[in-house]
Each structure stands twice: as structure tokens, then as C-alpha cells.
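# Report on the structure
Chain by chain, the residues:
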Amino acid sequence: MSLVGKKFPNLNVDAMNEMGDTFKLNVLEEAVNNNKKVLLFWYPKDFTFVCPTELHAFQAALGEFEKRNTIVIGASCDTPEVHFAWLNTSKDNGGIEGVTYPILSDSNRNLSSILGILDITKETYDEETGTVQVEGDNVTYRATYLIDENGLVQHESINNMPLGRNVNEYLRLIDALTHVQEKGEVCPANWEEGKDAMNANRDGVASYLSSH
């Protein structure tokens with residue numbers, strides 16, 4: 001079920017920062033209370049392969065997100081202790097040392113279950129043990145959410161495990177959302193900051209298409 005146009009779930013989740021502090025973080029409150037956009041990205045597992053490239057890429061662009069009044073938050077189902085171990089592993093050894101934004105630790109899978117982003121291909125009830133058994137790793141896909149200052153989800157996307165994200169695309173989406181908020185215009189295909197947008201009416205699209 002898509003969350004676009006809806007409020008992000010109001011849920012406190014354990015998080016870890018680069019100092020080794022575990023604390024509760026509520027993504028919805030981060031957006032609303034700070035009057036900022038939030039870019040929340042989920043990845044499958046710490047100490048894996050594509051994942052550290054993404055965390056470093058978001059870190060490298062952190063200043064660009066901050067210029068756009070946007071908080072970056074990473075997330076996976078690993079425990080805070082595993083996050084901290086990864087944060088203390090050098091980049092040369094596959095670690096994420098140097099990452100400074102918070103990382104959610106949804107080890108009880110409460111938030112990821114609500115979002116429906118867990119890698120579960122089948123659930124089976126075992127009558128003998130009275131348990132539900134699952135097929136799949138029960139970790140998250142590469143899901144990404146752009147949440148506005150009111151806590152509304154403006155964008156969501158999900159990549160399968162091998163497919164790394166393009167961080168610049170999220171900067172472009174934030175620019176587009178900000179343009180819509182400030183100018184009241186809509187952003188056409190392949191729009192980038194500085195390019196023409198258009199009025200959301202018949203004349204607007206006619207004018208835009210006639211000159212592009």
C-alpha cells in the first residue's frame with residue numbers, strides 16, 4: 001500500500017549516531033517539529049556490499065541536503081550495537097566510518113512491517129509449533145521516502161537488493177518539491193533546478209510543450 005499523500009507513521013524507533021549513543025527517533029516528529037523535509041532511506045544489512053556505497057554517497061551529499069532544509073536518516077533492521085561496530089569500521093575495510101547522520105535500528109521490525117518493505121516471500125503457519133515461519137531474509141529492500149515539513153510522504157520508491165540508488169535524483173526531487181511549494185508551478189519530466197516549470201492548467205501545458 002502506497003503512503004504517498006499520507007502521513008508518515010508516528011512511531012518511535014531506536015537509532016544510533018556516530019558517537020555511539022542509542023536514542024529514540026520519530027521520523028514524523030523530526031519533519032514536523034523541525035519544519036524540515038526528511039529523506040529516509042532503508043538498506044538491507046550492515047557489513048554487506050552495495051549498502052556501504054550508498055551510506056557514503058548520502059554522507060558525501062549531506063551538505064547539499066542541509067542546504068535544502070532536509071534531514072537525512074538511514075535505516076535497517078540491524079541492532080544499534082551492529083550499527084556502531086560498522087560506524088567504527090574504516091571505509092578501506094568496508095565500513096561506514098565518517099557517516100554522521102542517524103541510522104534507525106528497526107530490529108523489532110515494527111516500522112518496516114508497517115511500511116511493507118520486508119523481504120518476505122512467503123509466510124506459513126506451523127500448527128505443531130504454533131509459529132509463523134517466513135521465507136526470505138526478513139530484512140528491508142532499498143526503500144526511500146521523501147517526507148515534507150507537514151509529515152506527508154511526497155515520494156516513495158523501492159529497489160531490489162542489488163540495485164543501488166542515485167543520490168542526485170533525491171536532490172532533484174527535493175528541488176522539484178520546493179519549487180512546487182514556493183512557486184505553485186508543477187515540474188515536468190526531466191525538470192531540474194533552473195529549468196522551466198509550468199502552470200497546472202491547459203494553457204500551461206500547451207505553452208510548455210510548444211517551446212520544448
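Just so it is clear, the model here is predicted, and its values are computed rather than measured.

Below, the discussion takes up the overall build of the protein chain. Assigned secondary structure in the protein chain consists of seven helices and nine strands. The principal-axis extent of the C-alpha atoms belonging to the protein chain is close to 65 × 45 × 35 Å. Taking all 212 residues of the protein chain together, the buried fraction comes to 44%. Summarising the internal contacts of the protein chain: among those between residues at least 6 apart in sequence, 61% fall at separations of at least 24. By element, 47% of the accessible surface of the protein chain is carried by carbon and sulfur atoms, the whole surface being about 11,200 Å². For the protein chain, the separation between the mean place of its 17 positive charges and that of its 32 negative charges on side chains is 6 Å.

Phe41, Leu55, Phe58, Phe65 and Tyr101 are the most contacted members of the largest nonpolar core, which totals 24 residues. For this core, the element with the highest residue contribution is helix α6 (residues 167-183), accounting for six residues. Here Phe65 is in contact with Leu39, Phe58, Thr70, Val72, Val167, Tyr170, Leu171 and Ile174, once residues within four sequence places are set aside. Counting 21 residues, the second largest nonpolar core, distinct from the first, contains Val13, Ala31, Leu40 and Ile73.

Attention shifts here to the packing of aromatic side chains. By the definition in use, this model includes eight aromatic pairs. Ring centres of Phe58 and Tyr170 lie 6.3 Å apart, and the angle between their planes is 35 degrees; on these two criteria the pair is classed as tilted. Here Phe58, found in helix α2 (residues 50-60), pairs with Tyr170, found in helix α6; they are 112 residues apart in sequence, far enough to count as distant. Given a relative accessible area of 0%, Phe58 falls into the buried group. Take Tyr170: its relative accessible area is 6%, and that puts it in the buried class. Taken together, the ring pairs in this structure connect Phe41, Tyr43, Phe47, Phe58, Phe65, Trp86, Tyr101 and Tyr170 into an aromatic cluster.

A few words on helix α1 (residues 27-34). Looking at α1, one finds that the buried residues are Val27, Leu28 and Ala31. The arc that holds the buried residues of α1, viewed along the axis, is 110 degrees, so those residues lie on one side. Residues of α1 that are buried make contact with β2 (22-26), β3 (37-42), β4 (70-76), β5 (103-105) and β8 (142-147). Where α1 begins, one side-chain oxygen reaches toward the backbone nitrogen of Leu28, 3.1 Å away; that side chain belongs to Asn26. Count one or two residues on from α1 and you reach Asn35, which has phi positive near 50 degrees.

Looking at the element boundaries, Thr124 is found in strand β6 (residues 122-126). By relative accessible area, Thr124 is classed as partly exposed at 37%. For the pair Thr124 and Val134, spaced 10 residues apart in sequence, the C-alpha separation works out to 6.2 Å. For Thr124, the residues in contact, after removing those within four places along its chain, are Thr131, Val132 and Gln133.

For the rest of this paragraph, the subject is a nonpolar patch on the surface. A cluster of nonpolar side chains, contributed by Tyr125, Val132 and Val134, occupies part of the molecular surface with about 290 Å² of accessible area. Tracing the backbone through its elements, the reader meets Tyr125 in strand β6.

Rules behind the numbers
Residues numbered from 1 in each chain as written. Predicted model: local features only at pLDDT ≥ 70, side-chain atom pairs only at ≥ 80, totals over all residues. Heavy atoms only, no water. Helix = DSSP H or I, 4+ residues; strand = E, 2+ residues; numbered from the N terminus. Buried < 20%, exposed > 50% of the residue type's maximum accessible area, 1.4 Å probe, protein only. Contact = heavy atoms within 4.5 Å. Areas by Shrake-Rupley, 256 points an atom, 1.4 Å probe, with all protein chains shown as cover. Lys, Arg positive; Asp, Glu negative; His and termini not counted. Charge placed at Lys NZ, Arg CZ, Asp CG, Glu CD. Core = buried A, V, L, I, M, F, W, Y, C linked by side-chain atoms within 4.5 Å. Phe/Tyr/Trp six-rings, centres within 6.5 Å; stacked < 30°, edge-to-face > 60°. Arc of directions from axis to C-beta. Polar contact = N/O pair within 3.5 Å; in protein donor to acceptor, adjacent residues only side chain to side chain. Patch = residues over 30% accessible without salt bridge, like charges linked within 9 Å, V, L, I, M, F, W, Y side chains within 5 Å. Salt bridge = Lys/Arg side-chain N within 4 Å of Asp/Glu carboxyl O.

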